[in-house]
Amino acid sequence: MKLSRWAFMAAPLAVAACGMGGAMTSHTDVVAKAAGTELRVEDAAQILAANPQIPADPQVVRALADLWVDYSLLATAAAEDTSLKVLDLDEFVKEETRDQTVFRYLESQVRPDTVINDQRLEQMWNTEGPGAEIRARHVLFRPAPEATPAQRQALKAKAEQVRARAAAGEDFAALAREFTEEPGGKERGGDLDWFGRGRMVPQFEEAAFKLQPGQVSPVVETPFGYHVIKVEDRRQQPLGENREAFRQQLLSTARQRAVGAYVDSMKKVAKVTMQPTAVQALRELGAQENLELRGRAANRALASYQGGEVTAGEMAALLQGVPAGQREQIKTAPEADLVGFVENEALKEYLYADAQKKNFKLSAAAVDSIRTGTRLGIRQVLEASGLANRRFPKGKAGRGAIQEAVRQLMEQAVGGQRQLPPLGKLGFALRNSYGADVNTESFQRVVDQMKVIRASQPQQGQQGGMPGGQPQGPPMPPGVSPRAQPQPQQDPAAQPQAAPGAAPRPAAPQGQQR
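*Asks:* What is the right way to read the overall build of the protein from this model?
*Replies:* What the protein contains, in helices and strands, is 19 helices and 10 strands. The proportion of buried residues among the 514 residues of the protein is 47%. Put simply, of all contacts in the protein between residues at least 6 apart along the chain, 81% involve residues at least 24 apart. Counting only carbon and sulfur atoms, one obtains 49% of the accessible surface of the protein, whose full area is about 24,800 Å².

*Asks:* Would you take a moment to explain the sheet that holds strand S3 (residues 133–141) for this structure?
*Replies:* Either a parallel or an antiparallel arrangement is found when strands of a sheet pair, and the pairing is made through backbone hydrogen bonds. On the basis of which strands lie adjacent, the open sheet formed by 4 strands has the order S4-S3-S6-S5 and antiparallel pairing. Lying at the two open borders of the sheet, with one neighbouring strand each, are strand S4 (191–196) and strand S5 (220–222). Sheet twist, expressed as the average angle between the axes of neighbouring strands with direction ignored, equals 45°. The pairing of S3 with strand S6 (residues 225–235) spans 9 bridges and is classified as antiparallel.

*Asks:* How should the pattern of salt bridges be read in this particular structure?
*Replies:* Note that side chains of opposite charge can pair when their charged atoms are close. Across all of its chains, the model carries 29 salt bridges by this definition. Between lysine 210 and glutamate 206 there is a salt bridge; the shortest N-O distance is 3.7 Å. Between glutamate 411 and arginine 407 there is a salt bridge; the shortest N-O distance is 2.9 Å. Of this pair, glutamate 411 and arginine 407 both sit in helix H17 (residues 395–415), 4 residues apart, which is roughly one turn of that helix. By relative accessible area, which is 36% here, glutamate 411 ends up partly exposed. Linked by salt bridges that have partners in common, Asp118, Glu122, Arg243, Glu244 and Arg247 make up one network.

*Asks:* What should I look at first to understand the packing of helix H4 (residues 94–109) against helix H10 (residues 243–270) in this one?
*Replies:* Packed helix pairs are characterised by how far apart their axes lie and by the angle those axes make with each other. Packing of H4 against H10 leaves a shortest axis separation of 9 Å and a crossing angle of 100°. Classified by the angle between their axes, H4 and H10 sit roughly perpendicular to one another. Across the interface between the two elements, Tyr105, Leu106, Glu107 and Gln109 of H4 pack against Val259, Tyr262 and Val263 of H10. Residue composition of the contact of H4 with H10, by class: 5 nonpolar, 1 polar and 1 charged.

*Asks:* Please explain the environment of phenylalanine 246 as it appears in this structure.
*Replies:* With respect to the helices and strands, the residue phenylalanine 246 is situated in helix H10. It is 9.0 Å that separates the C-alpha atoms of phenylalanine 246 and proline 130, two residues lying 116 residues apart in sequence. Leave out the neighbours within four places in its chain, and phenylalanine 246 touches Leu121, Met124, Trp125, Glu128, Gly129, Pro130 and Leu239.

*Asks:* Could you clarify how one ought to interpret the pairing of S3 in this entry?
*Replies:* Look at any regular strand and the pattern is simple: side chains alternate between the two faces of the sheet. Burial analysis of S3 places 9 of its 9 residues in the buried class, which makes it a mostly covered element. What you see with S3 is no split at all: Glu133, Arg135, Arg137, Val139 and Phe141 on one side and Ile134, Ala136, His138 and Leu140 on the other are buried throughout. Inspection of the sheet shows S3 paired to S4 by 4 bridges, in the antiparallel sense. By the bridge assignment, arginine 135 is partnered in S4 with tryptophan 194.

*Asks:* What is the right way to read the sheet that holds strand S10 (residues 436–438) from this model?
*Replies:* In spatial order, the strands read S2-S1-S10; together these 3 strands make up an open sheet with antiparallel pairing. Since the sheet does not close on itself, it has two edges, and those belong to strand S2 (37–40) and S10, each with one partner. Within the sheet, the average angular offset between the axes of one strand and its neighbour, ignoring direction, is 15°. Inspection of the sheet shows strand S1 (residues 30–34) paired to S10 by 3 bridges, in the antiparallel sense. Looking at the pairing, alanine 34 lines up with alanine 436 of S10.

*Asks:* Got a minute to help me understand the packing of aromatic side chains in this structure?
*Replies:* Aromatic ring pairs are reported here in terms of the distance separating the ring centres and the angle at which the planes meet. Considering all chains together, one arrives at 6 aromatic pairs under this definition. Relative to phenylalanine 246, the ring of tryptophan 125 lies with its centre 5.0 Å away and its plane at 80°, an arrangement referred to as edge-to-face. One end of the pair, tryptophan 125, is in helix H5 (residues 118–128); the other, phenylalanine 246, is in helix H10, with 121 residues separating them in the sequence. For the pair tryptophan 125 and phenylalanine 246, a shared accessibility class is recorded, and that class is buried. Summarising the aromatic geometry, the rings of phenylalanine 195 and phenylalanine 209 are spaced 6.1 Å apart at their centres and angled 80° between planes, so their arrangement reads as edge-to-face. With phenylalanine 195 in strand S4 and phenylalanine 209 in helix H9 (residues 202–209), this pair connects stretches of sequence that are 14 residues apart. On the basis of relative accessible area, phenylalanine 195 is assigned to the buried category, the value being 0%. Classification of phenylalanine 209 as buried rests on a relative accessible area of 6%. Taken together, Phe195, Phe204 and Phe209 form an aromatic cluster joined through their ring pairs. In this structure, arginine 197 is placed above the aromatic ring of phenylalanine 209, and the distance from its NZ or CZ to the ring centre is 4.3 Å. A cation over an aromatic ring shows up here: arginine 235 above the ring of tryptophan 194, its NZ or CZ 4.0 Å from the ring centre.

*Asks:* I tried to follow the nonpolar core on my own but got confused; where do I start?
*Replies:* Side chains of a nonpolar character, in soluble globular proteins, are inclined to be buried together. Membership of the largest hydrophobic core comes to 57 residues, with the highest contact counts inside it found for Val31, Leu48, Tyr71, Leu74, Leu84, Met410 and Val446. Looking at this core, the element that brings in the most residues is helix H2 (residues 58–80), giving 13 residues. Non-local contacts of methionine 410, meaning those with residues more than four positions away in its chain, are made with Ile47, Leu64, Leu67, Trp68, Tyr71 and Leu420. Of all hydrophobic cores here, the second largest spans 35 residues; its members include Leu285, Leu291, Leu319 and Leu351.

*Asks:* Whenever I open this one, unusual backbone geometry confuses me. Can you help?
*Replies:* Residues apart from glycine generally show negative phi values, whereas peptide bonds are mostly found in trans. Positive phi outside glycine occurs at aspartate 193, with the angle close to 60°. Mapped onto the fold, aspartate 193 is located in strand S4. Residue lysine 271 is not a glycine yet carries a positive backbone phi of 55°. Structurally, lysine 271 is set in the loop between H10 and strand S7 (273–274).

Rules of the game
- Residues numbered from 1 in each chain as written.
- Predicted model: local features only at pLDDT ≥ 70, side-chain atom pairs only at ≥ 80, totals over all residues.
- Heavy atoms only, no water.
- Helix = DSSP H or I, 4+ residues; strand = E, 2+ residues; numbered from the N terminus.
- Buried < 20%, exposed > 50% of the residue type's maximum accessible area, 1.4 Å probe, protein only.
- Contact = heavy atoms within 4.5 Å.
- Areas by Shrake-Rupley, 256 points an atom, 1.4 Å probe, with all protein chains shown as cover.
- Pairing = 2+ DSSP bridges.
- Axes fitted to C-alpha atoms, helices over the stretch in contact; angles between N-to-C directions.
- Salt bridge = Lys/Arg side-chain N within 4 Å of Asp/Glu carboxyl O.
- Parallel < 35°, antiparallel > 145°, perpendicular 65-115°, else oblique.
- Nonpolar A, V, L, I, M, F, W, Y, C, P; charged D, E, K, R; others polar.
- Phe/Tyr/Trp six-rings, centres within 6.5 Å; stacked < 30°, edge-to-face > 60°.
- Lys NZ or Arg CZ within 6 Å of the ring centre and 35° of its normal.
- Core = buried A, V, L, I, M, F, W, Y, C linked by side-chain atoms within 4.5 Å.

See below:
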């Protein structure tokens, strides 16, 4: 598993929060409790039933319950002090501080080649610059969907023969008119017109951009079949005022590659070893409601590395900012993804320990930046919810006012009038300070009551979404599957592809100059 700066980052505040429930009895009509307030079955059903676009489903009830707990606790904490002094900020930023330390330590350990003279810069601009385009032709051999391995091999051999004829100097357009199986390709002689990066499937693009005008590629296999490619021309806008920006881009890429190579080398030094039961233990964590592990359960080793080990308690802490509905995906995630998740954490711990041995520390300015950014994030959440300047009375009256204010927030979120980000680790920290509980046994009762309410009301076309803006099919935790986070270096496989079922084609019509 490739590690990058982003693989080491702590989960942001906007990652959804997990519940700590399971303790309440199924003989109650309370869905959740938080800081002396309650969300009851009837209230939850009314909130959700008001938007007919939201399905009557237990997972939707769970999302509402978790979000209600988050904002009930946030309102309670803000009522006491809008700076949320109830939080131990040092503990709250500890994970991000460690991750930033590891990232900066990695940067300090590599010395990439940072000398790019003007001649090399021009050469790389012509081949790797963002505006580079090529004009190419190709011959496509398309295997039938039911083709056997032998039939595919025979088709590839035919492509090799055509490739040899093209490389020997035969007219490529004539070969395309005779052999290509691309729809419309025969009439065009395989012409693909001008295209830039990101317009073709990755395998095709990588092969094509390696060629200089007049060169013919080896046989290239893509999801569409077997291709023989000939580049006829290349063009690029002048480097001009892009010179220094492109130089910095190349230097940044060089640093990222150097860090990646160093991380790969450290994997061998760290000697990460997975325990035989680690994957099963991680799946069990994904199914748990309460991730506050203690004693032997917390100290159970999932993986070891040179000088230490990753425990179940540490992995549970990483999952605290992930909602239960998403954590449940761990139960069916591919084993290789879960192994990579644990190995990633083991390597991060090893690198952090190595940094400490060498007395490497974040600067005071970097630590202050993390703390400031965290406070700013909390403030932004308070402002987005309208709680930043709310004033609630003390005692029982205050709890009643908070309960009503949070109900209004839930109604607005469900109705689509307000975006409420789930609070992630902030929500979990508030749970630790004030206490909260979610009754999973009540979810089906809420669903049943939603159906009763909707059956008694005329249908409306209200638009909205899942509470907290949670998408259907949410992403896995960091390291389990690709997250929707910025990547420091584009993966060619992630580029847009030509439409399925058709050979790769540029968007511009033939002959158009751009």
